[in-house]
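Residue-level structure breakdown
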Amino acid sequence: MTLFENIVKAQDNLNGVVIKTPLQFSINLSEKYQASVYLKREDLQQVRSYKIRGAYNKISHLDEVQKEKGIVCASAGNHAQGVAYSCQLLQIHGKIYMPKTTPNQKIKQVELFGKSFVDIVLIGDTFDDAFHAAKQFSNENQLEFIHPFDDLEVIAGQGTVGLEILSEKVPSIDYLLLPVGGGGLAAGVSTVFKSLSPNTKIIGVEPEGAPSMQHALYQNYPVALNTIDKFVDGAAVKQVGNETFSICKNTLDRMILVPEGKVCSTILKLYNEEAMVVEPAGALAIASLDFIANEIKGKTVVCVVSGSNNDIERTEEIKERSLLYEGLKHYFMIQFPQRPGALREFVNDVLSESDDITYFQFIKKNNRDVGPVVVGLEVKNEEDIVFVKAKMQDKGFQFQYLNEKEPLLALLI
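For clarity, every value in this text was computed on a predicted model and none was experimentally measured.

Once that is clear, we can look at the nonpolar core. Counting 33 residues, the largest nonpolar core has L39, L177, I286, L289 and C303 as the members making the most contacts within it. Going through the elements one at a time, α2 (27–33), β2 (36–41), β7 (175–179), β8 (201–207), β9 (254–258), α12 (260–274), α13 (280–287) and β10 (300–305) are the ones with two or more residues in this core. At 6 residues, α13 tops the list of elements feeding residues into this core. Setting aside its immediate chain neighbours within four residues, L39 contacts P22, L23, Q24, S26, L29, M276, I286, C303 and V305. With 32 residues, the next largest nonpolar core counts A10, L23, V192 and M255 among its residues.

What follows is the structure, encoded as structure tokens:
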């Protein structure tokens with residue numbers, strides 16, 4: 001059977017297990033981009049992501065001996081929830097390896113969906129660390145390993161998202177935007193579209209700090225990245241799969257990289273304007289619209305919203321990254337005169353009424369005329385910081401602009 005035929009078969013297999021999530025027309029996004037923008041709401045799925053599709057399709061196809069022995073998987077969160085729920089439904093024992101950096105909310109959800117059928121092992125800092133530990137345990141104990149993306153039955157399960165999209169009564173789809181981590185969703189859905197909607201332009205979207213598919217397509221083989229930004233945890237993978245790459249190289253028209261700060265701004269806007277709670281990976285496709293705004297005018301666009309498993313404890317970091325990206329949050333190391341009234345002069349002579357000091361750290365050094373102060377400022381408009389810098393120079397304040405020195409900023413703040 002071809003992959004497309006397996007995807008059609010998987011849809012029957014998943015009947016009654018997953019819900020057919022809505023393909024929702026977005027009024028606000030459509031007006032903003034002068035296009036017809038639809039959102040495939042996999043954030044409303046049973047486990048709040050599409051991952052249940054591939055996990056259940058894979059596990060349900062195991063033979064009775066494999067099911068009796070149990071399974072092993074590695075995941076940054078959403079695949080783990082899909083596997084856990086599948087284990088509960090099929091009453092199979094599973095051991096789930098997750099990075100230590102996985103949000104607590106996702107860990108608790110795995111426990112909730114798996115109940116007594118799963119054990120969780122937290123190990124390593126990235127998905128790849130957890131993956132290697134899980135594979136070793138699987139090999140040593142001869143247990144079936146449920147890969148999060150690089151497995152044809154997993155890919156077939158994820159591909160059912162595409163069948164659902166094309167079953168809806170919407171105009172011919174001009175653009176399909178797919179978030180890409182390991183590539184399972186992109187491989188499955190793009191296969192469906194190449195078979196049933198060959199004129200649709202299919203664009204994969206990755207976080208700028210983890211461009212594993214883009215590098216693989218450029219090098220023509222799955223490249224292992226040395227380092228990645230783990231913030232978009234659902235798509236922060238050092239290396240895409242061999243199976244997913246072999247499919248995506250023939251089905252994806254191109255890739256778009258989205259800065260993590262832009263992802264954060266999108267998360268906040270979706271919450272404030274659409275009443276949607278999405279995780280960073282779930283915001284990727286929508287975040288990419290700004291980068292093709294002129295191209296999609298008058299077109300029909302579908303964005304896959306892949307998940308909503310966001311940890312509320314990350315809200316402050318999301319706000320901070322968004323403000324930095326939007327040019328509204330700025331950090332300086334300023335040499336302040338060590339005398340009374342210096343801070344008052346800075347506030348009165350440098351800052352305007354709309355500028356807000358959000359961070360201030362000063363250590364008095366008695367043996368110097370000046371002392372270093374780390375100051376965080378939030379401005380109302382992006383261009384306001386130009387005037388702040390000019391005023392500091394005019395008033396004789398020596399400073400370093402820390403936004404352009406990320407390692408130092410990370411150390412100090």
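Two aromatic rings are characterised by how far apart their centres lie and by the angle between their planes. All chains considered together, the criterion is met by 11 aromatic pairs. Seen in terms of ring centroids, F332 and F399 are 5.6 Å apart; in terms of plane orientation they differ by 80 degrees. Their pairing is edge-to-face. With F332 in strand β11 (residues 329–337) and F399 in strand β14 (residues 398–401), this pair connects stretches of sequence that are 67 residues apart. Ring-pair connections join several aromatic residues into one group, and the members of that group are F336, F346, F360 and F397. The ring of F231 carries R314 above its face, with NZ or CZ at 4.7 Å from the centroid. Of note, K389 hangs over the ring of Y401, and the distance from its end group to the ring centre comes to 3.7 Å.

Helix α14 (residues 315–325) packs onto α12 with a crossing angle of 115 degrees between their chain directions and a minimal axis gap of 7 Å. Judged by the sense of rotation from one axis to the other, the crossing of α12 with α14 is left-handed. Between α12 and α14, the residues in contact are E260, G261, K262, C264, S265, I267 and L268 and I318, K319, R321, S322 and Y325, respectively. Each residue belonging to the contact of α12 with α14 can be placed in one class, and the counts come to 5 nonpolar, 3 polar and 4 charged.

Right, let's talk about unusual backbone geometry for a bit. Backbone geometry at K115 places phi at a positive 50 degrees, although glycine is not the residue there. Checked against the element boundaries, K115 lands in the loop between α6 (104–114) and β5 (118–122). Phi at Q142 is positive, roughly 55 degrees, even though this residue is not glycine. Take Q142: it is sitting in the loop between α7 (127–141) and β6 (144–146). Take Q142: its relative accessible area is 61%, and that puts it in the exposed class.

Attention now moves to the pattern of salt bridges. Summed over all chains, the structure comprises 19 salt bridges. Of the charged contacts in the structure, one is a salt bridge between D290 and K32, with a shortest N-O distance of 3.9 Å. Of this pair, D290 sits in the loop between α13 and β10 while K32 is found in helix α2, placing the two residues 258 residues apart along the sequence. The class of D290 is partly exposed, set by a relative accessible area of 32%. The class of K32 is partly exposed, set by a relative accessible area of 46%. Of the charged contacts in the structure, one is a salt bridge between E153 and K58, with a shortest N-O distance of 3.7 Å. With E153 in helix α8 (residues 152–167) and K58 in helix α3 (residues 51–60), this residue pair connects regions lying 95 residues apart in the sequence. The exposure class assigned to K58 is buried, which follows from its relative accessible area of 9%. One continuous salt-bridge network, built from bridges that share partners, spans K40, E42, R53 and E164.

The complete set of buried residues in α6 reads Q105, K106, I107, Q109, V110, F113 and G114. The secondary structure elements touched by the buried residues of α6 are α5 (78–90), β4 (94–98) and β5.

Next up on the list: the pairing of β2. On any regular strand, side chains alternate: one points to one face of the sheet, the next to the other face. Judged by how many residues are buried, β2 sits mostly within the fold: 5 of 6 residues are covered. Pairing analysis gives 3 bridges linking strand β1 (residues 23–25) to β2, with the strands arranged antiparallel. Within β2, the position partnered with L23 by the bridge is K40. Across 6 bridges, β2 lies against β10 in parallel orientation. Across the sheet, residue S36 finds its bridge partner in β10, namely T300.

This next bit is on a nonpolar patch on the surface. Judged by side-chain polarity, L343, V347, F360 and F362 come together as a nonpolar surface patch covering roughly 310 Å² of accessible area. Those elements giving two or more residues to the nonpolar patch turn out to be α15 (342–349) and β12 (356–362). Tracing the backbone through its elements, the reader meets L343 in helix α15. Overall, the relative accessible area of 39% leaves L343 in the partly exposed class.

Scoring rules and cut-offs
- Residues numbered from 1 in each chain as written.
- Predicted model: local features only at pLDDT ≥ 70, side-chain atom pairs only at ≥ 80, totals over all residues.
- Heavy atoms only, no water.
- Core = buried A, V, L, I, M, F, W, Y, C linked by side-chain atoms within 4.5 Å.
- Buried < 20%, exposed > 50% of the residue type's maximum accessible area, 1.4 Å probe, protein only.
- Helix = DSSP H or I, 4+ residues; strand = E, 2+ residues; numbered from the N terminus.
- Contact = heavy atoms within 4.5 Å.
- Phe/Tyr/Trp six-rings, centres within 6.5 Å; stacked < 30°, edge-to-face > 60°.
- Lys NZ or Arg CZ within 6 Å of the ring centre and 35° of its normal.
- Axes fitted to C-alpha atoms, helices over the stretch in contact; angles between N-to-C directions.
- Left-handed = near helix turned anticlockwise from the far one by under 90°.
- Nonpolar A, V, L, I, M, F, W, Y, C, P; charged D, E, K, R; others polar.
- Salt bridge = Lys/Arg side-chain N within 4 Å of Asp/Glu carboxyl O.
- Pairing = 2+ DSSP bridges.
- Patch = residues over 30% accessible without salt bridge, like charges linked within 9 Å, V, L, I, M, F, W, Y side chains within 5 Å.
- Areas by Shrake-Rupley, 256 points an atom, 1.4 Å probe, with all protein chains shown as cover.

From the geometry alone we can't say anything about function, so treat these as descriptive.
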